[in-house]
Amino acid sequence: MEMKKVLVTGGAGFIGSYIVGDLVARGIHVVVYDNFSTGQAEFLPEPCEWLSVIRADVLDSAALLPAMAGCDFIFHFQANADVRGGPVNTRVDLDQNTIATWNVLEAARQQGIKGLAFASSATVYGEPEVFPTPETWAPLQTSLYGASKYACEAMIQAYTEYFGVRCFIYRFVSWIGERYTHGIVFDLMKKLSQDPTRLPLFGDGTQRKSYLYVKDGVRGVMVGVERGGAAKNVFNLGHDHFLTVLEVVRIILDELGLRDVRLEFAGGQRGWLGDSPLVHLDTTRIKALGWHPETSIEEGIRRTVHYLRDHPHLLQTRNRVF
Ligand SMILES: NC(=O)c1ccc[n+]([C@@H]2O[C@H](COP(=O)([O-])OP(=O)(O)OC[C@H]3O[C@@H](n4cnc5c(N)ncnc54)[C@H](O)[C@@H]3O)[C@@H](O)[C@H]2O)c1
């Protein structure tokens, strides 16, 4: 895909900011489009002639349409990225993921943009019966977050068919690494910062998840965009291995040097309604294009802990209660 000017929705977020950094380093003009609800200005590269930042909402079509003027590609990485809130707020995933994505597609259509990369999720597989799960597995939904992402994927593919917008859809496992502001490592460090003697945990600790280090993940996204030859490209992106929640906890406590922490398991095989006890994706498709993860999950968790320990103010950024 030719990329001279690119718009990144959610470009100030954990993952989006790495996409922005990668594109700017390549000398591509990047328009960051973000409302900074969870994104951080400090994640953005130093101001330069290749970078413009628009503080606006994806649901605001009047702002979104002109922001895309002159762009030839979109990385749509904005979303409500918190997977757990569905049962409490049944509207947020519809608005922030499905309607937001339709807004992006409509603006892209009107601006004649012919390429889009989308941050989907392994949650679209619900609780699959095959592991590692391939892209061809027919999903049954278990969460509104996953359902909204699956709806986004479907709409994007329809726009490919109607309007020739080539698409690159990535189903991510959970990402870890520097600039991480939500997820298990964040939640556990936040709890431990409040009380280092005890640690309440969702589930029974046996849930097994694959995690992907952010710099490996962004490399995977770029490999897919550069080498994915189809009009509709769908790629799993995850690590070859997985860890149990208990193993993740042990690494975090070890890295923090905490001993004698009382682990308080809530019980049950799932952490929350819609959680999947095992996430492990088959990444043969993206590997065939030359990608593989280079950083072990353990090393990625240790780097995440380091980063949050060095940036404690970030632990205060997510207090959203659904
Ligand atoms: N982090 C993960 O483990 C993970 C896993 C699977 C999929 N994803 C997907 O990857 C994408 C990026 O996730 P992330 O972890 O970087 O999350 P994030 O919350 O750090 O980034 C989302 C960004 O979008 C912005 N944003 C949110 N709503 C907006 C709106 N209405 N208008 C404009 N900007 C808005 C936020 O300010 C933030 O900068 C999301 O689509 C998420 O669903 C993430």
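Residues numbered from 1 in each chain as written. Predicted model: local features only at pLDDT ≥ 70, side-chain atom pairs only at ≥ 80, totals over all residues.

Quick notes on the site of the ligand
Line of reasoning, step 1. Close contacts around the ligand come from 28 residues, with Gly10, Gly13, Gly39, Ala79 and Ala119 the closest.
Line of reasoning, step 2. Among the secondary structure elements, those contributing two or more residues to the shell around the ligand are α1 (14-25), α3 (92-110), β5 (115-121) and β7 (174-176).
Line of reasoning, step 3. Broken down by element, the shell around the ligand gets its largest block of residues, 3 residues, from α1.
Line of reasoning, step 4. Along the lines of polarity and charge, the residues of the shell around the ligand split into 13 nonpolar, 13 polar and 2 charged. (Near = placed C-beta within 6 Å. Helix = DSSP H or I, 4+ residues; strand = E, 2+ residues; numbered from the N terminus. Nonpolar A, V, L, I, M, F, W, Y, C, P; charged D, E, K, R; others polar.)

Brief notes about the domain arrangement of the chain
Line of reasoning, step 1. For the chain, the assigned domains read domain 1 (5-175 + 211-237) and domain 2 (178-210 + 241-316).
Line of reasoning, step 2. A straight line from the C-alpha centre of domain 1 to that of domain 2 covers 23 Å.
Line of reasoning, step 3. Taken together, the contact pairs 36 residues of domain 1 with 28 residues of domain 2.
Line of reasoning, step 4. With 7 residues, the top contributor of residues to the side of domain 1 that touches domain 2 is helix α6 (residues 214-227).
Line of reasoning, step 5. Among the residues forming the side of domain 1 that touches domain 2, the class breakdown is 16 nonpolar, 12 polar and 8 charged. (Domains from an automatic or database assignment. Contact = placed C-beta atoms within 7 Å.)

Concerning the nonpolar core
Line of reasoning, step 1. The biggest cluster of nonpolar side chains holds 89 residues, and the ones touching the most others in it are Val8, Ile19 and Ile74.
Line of reasoning, step 2. Inspection of this core shows a minimum of three residues originating in each of domain 1 (5-175 + 211-237) and domain 2 (178-210 + 241-316). (Core = buried A, V, L, I, M, F, W, Y, C linked by C-beta atoms within 7 Å. Buried ≥ 20, exposed ≤ 12 C-beta atoms within 10 Å, placed from the backbone.)

Some details on the packing of helix α7 (residues 245-256) against helix α9 (residues 297-310)
Two quantities define a packed helix pair, namely the angle between the axes and the distance from one axis to the other.
Line of reasoning, step 1. Relative to each other, α7 and α9 sit at 45°, their axes nearing to 10 Å. Our classification of the angle between α7 and α9 gives oblique. When you trace α7 past α9, the crossing you get is right-handed. Residues Val248, Ile251, Ile252, Glu255 and Leu256 of α7 lie in contact with α9, whose contacting residues are Glu298, Ile301, Arg302 and Val305.
Line of reasoning, step 2. Considered class by class, the residues forming the contact of α7 with α9 number 6 nonpolar, no polar and 3 charged. (Axes fitted to C-alpha atoms, helices over the stretch in contact; angles between N-to-C directions. Parallel < 35°, antiparallel > 145°, perpendicular 65-115°, else oblique. Left-handed = near helix turned anticlockwise from the far one by under 90°.)

A short note on α9
An α-helix turns once every 3.6 residues. As a result, residues three or four positions apart point the same way.
Line of reasoning, step 1. Over its 14 residues, α9 extends 20 Å from the first C-alpha to the last, a length consistent with the 20 Å expected when each residue adds 1.5 Å.
Line of reasoning, step 2. Taken as a whole, α9 has its buried residues at Ile297, Gly300, Ile301, Arg303, Thr304, Val305 and Leu308.
Line of reasoning, step 3. Close packing links the buried residues of α9 with β7, α5 (184-194), β10 (211-213), β12 (243-244) and α7. (Expected span 1.5 Å × (residues − 1).)

What about the pairing of strand β6 (residues 166-172)?
Line of reasoning, step 1. β6 sits mainly inside the fold: 6 of its 7 residues count as buried.
Line of reasoning, step 2. Of the pairings in the sheet, the one linking β5 to β6 comprises 7 bridges and is parallel in character. By the bridge assignment, Gly115 is partnered in β6 with Arg166.
Line of reasoning, step 3. Regarding topology, helix α4 (residues 144-163) serves as the crossover connection from β5 to the parallel β6, and that connection is right-handed.
Line of reasoning, step 4. As paired elements, β6 and strand β11 (residues 232-237) share 6 bridges and run parallel to each other. By the bridge assignment for β11, Cys167 is matched with Lys232. (Pairing = 2+ DSSP bridges. Right-handed = clockwise from strand over helix to strand, strands pointing away.)

What about the sheet that holds strand β1 (residues 5-9)?
Line of reasoning, step 1. Sheet architecture is open: 7 strands sit in the order β3-β2-β1-β4-β5-β6-β11, paired in parallel fashion. Among the strands making up the open sheet, the edge pair consists of β3 (51-55) and β11. In this sheet, adjacent strand axes meet at a mean angle of 15° when their direction is disregarded.
Line of reasoning, step 2. Here strand β4 (residues 73-76) pairs with β5 via 3 bridges, running parallel. The residue bridging Ile74 from the neighbouring strand is Leu116, located in β5.

Side note on α7
Line of reasoning, step 1. With 12 residues, α7 should reach 16 Å at 1.5 Å per residue; the first-to-last C-alpha distance of 17 Å fits that figure.
Line of reasoning, step 2. Every buried residue of α7 is listed here: Val245, Val248, Val249, Ile251 and Ile252. The buried residues of α7 occupy an angular sector of 165° when the element is viewed end-on, so they sit on one face.
Line of reasoning, step 3. In this structure, the buried residues of α7 make contact with α5, β8 (198-201), β12, β13 (262-265) and α9.
Line of reasoning, step 4. Positive phi shows up at Gly257, right after α7, with a value of about 70°. (Arc of directions from axis to C-beta.)

Brief notes about the sheet that holds strand β14 (residues 278-279)
Line of reasoning, step 1. Across the sheet, 3 strands lie side by side as β12-β9-β14; this open sheet has mixed pairing. Edge strands, defined here as strands with exactly one partner in the open sheet, are β12 and β14.
Line of reasoning, step 2. Note: strand β9 (residues 208-209) against β14, 2 bridges, orientation parallel. Bridge pairing in β14 places Arg208 opposite Leu278.

Comments concerning unusual backbone geometry
Line of reasoning, step 1. Here the bond from Phe131 into Pro132 is cis, since omega is -10°, no more than 30 degrees from zero.
Line of reasoning, step 2. Among the structural elements, Pro132 can be located in the loop between β5 and α4.
Line of reasoning, step 3. Positive phi outside glycine occurs at Phe36, with the angle close to 60°.
Line of reasoning, step 4. Counting through the fold element by element, Phe36 comes out in the loop between β2 (29-34) and β3.
Line of reasoning, step 5. Residue Phe36 is classed as partly exposed on the basis of its 13 C-beta neighbours within 10 Å.
Line of reasoning, step 6. With a phi close to 60°, Asp260 is a non-glycine residue in the positive phi region.
Line of reasoning, step 7. Along the polypeptide, Asp260 turns up in the loop between α7 and β13.

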